[in-house]
Amino acid sequence: MALSPRGRRGYAAGALALTAALALSACGGESGSSSGTTSASATGAAAGVKLVQPGKLTVCTNIPYEPFQFKDDSGKVVGFDVDIVDLAAKKLGVEQNIVDIDFAVIKSGAAMAAGKCDVAAAGMTITPERQQNIDFSEPYFDATQALLAKKGTGAKSLEDVKAKGLKLGAQASTTGLDYVKKQGFDPTEYADSAKELLALQAGQADVVVQDLPVVLTWLKKSDIAEKFELIASLDTGEQYGIGLKKNADPTLLKTINEEIAKAKQDGTYEKIYVKWFGKKPGELGS
């Protein structure tokens, strides 16, 4: 969710992260859901990694953010991010446990600092601001933003959106929001991608900015494709990373990086990519 430069989404100050972390510790956390995608005992590689819950790699995310993480018809959390993190979980010999939590608490680093999760996988763009409070894995996804509009606006760019006086919407705490603000817009903010789409469908917004893969996933649904269209892609040069708390366990970070690199070398990454996006890496915007 290039959430600020999926896929997405900054608390800038360490003081804010600490405040949120303390609040999380006091209240016991957000409402969440879990999904075990790997069943194995906590043995082998995991023996040298201190985890929030023994035998589990606890992962904070913000649902829904299809196709990166969302609930399928059975209620299980699935998606591109889930499959990528599962590579590290399997290597460690543990089960992936997914916690649904507010994205602002994830991107600030507070969720990890408070021990709510070991890592965060939420379509989260690597930014210098976030790196003040979060350690990131090597990039695992090249992201870009897109504009989705109701058909018939005649707009083909952000400049057109401004010239035509169209109402622009964006997901709160995301890089898409940051990007359009830097272009002089003051968009209406929505708490998550689902609410953003609902606002577009209800006519509260004429155009929304969101990560390209999310927009393309929306357009696979006939009722959306019938009334809305992709009017522009915005190449913002973003990359997603798996987030860990500052000064994280070096073995955990090393394992995640090694598994991402291995997957890219042996074809596993491409298979996961095609599974969720229908195209090979580098072909998504074509």
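Residues numbered from 1 in each chain as written. Predicted model: local features only at pLDDT ≥ 70, side-chain atom pairs only at ≥ 80, totals over all residues. Heavy atoms only, no water.

1. What about the pairing of strand E8 (residues 168-171)?
Here E8 shows no split at all, with Leu168 and Ala170 on one side and Gly169 and Gln171 on the other all buried. Looking at chain direction, E8 and strand E9 (residues 188-190) are connected through three bridges and run parallel. Considered in E9, the bridge of Ala170 is made with Glu189. Read as a crossover between parallel neighbours, the route from E8 over helix H7 (residues 175-182) to E9 is right-handed. (Buried < 20%, exposed > 50% of the residue type's maximum accessible area, 1.4 Å probe, protein only. Helix = DSSP H or I, 4+ residues; strand = E, 2+ residues; numbered from the N terminus. Pairing = 2+ DSSP bridges. Right-handed = clockwise from strand over helix to strand, strands pointing away.)

2. Focus on the nonpolar core
Phe80 and Phe141 are the most contacted members of the largest nonpolar core, which has 49 residues in total. Secondary-structure elements contributing two or more residues to this core are strand E1 (56-61), helix H2 (80-92), strand E7 (141-150), helix H8 (193-201), helix H9 (212-218), strand E11 (228-240), helix H11 (250-266) and helix H12 (268-277). Per-element tally for this core: the top contributor is H2, with seven residues. Those residues in contact with Phe80, other than ones at most four positions away along the chain, are Pro67, Phe68, Tyr140, Phe141, Tyr269, Ile272, Tyr273, Trp276 and Phe277. Ranked by size, the runner-up nonpolar core spans 16 residues in total, among them Ala149, Val161, Ala170 and Val209. (Core = buried A, V, L, I, M, F, W, Y, C linked by side-chain atoms within 4.5 Å. Contact = heavy atoms within 4.5 Å.)

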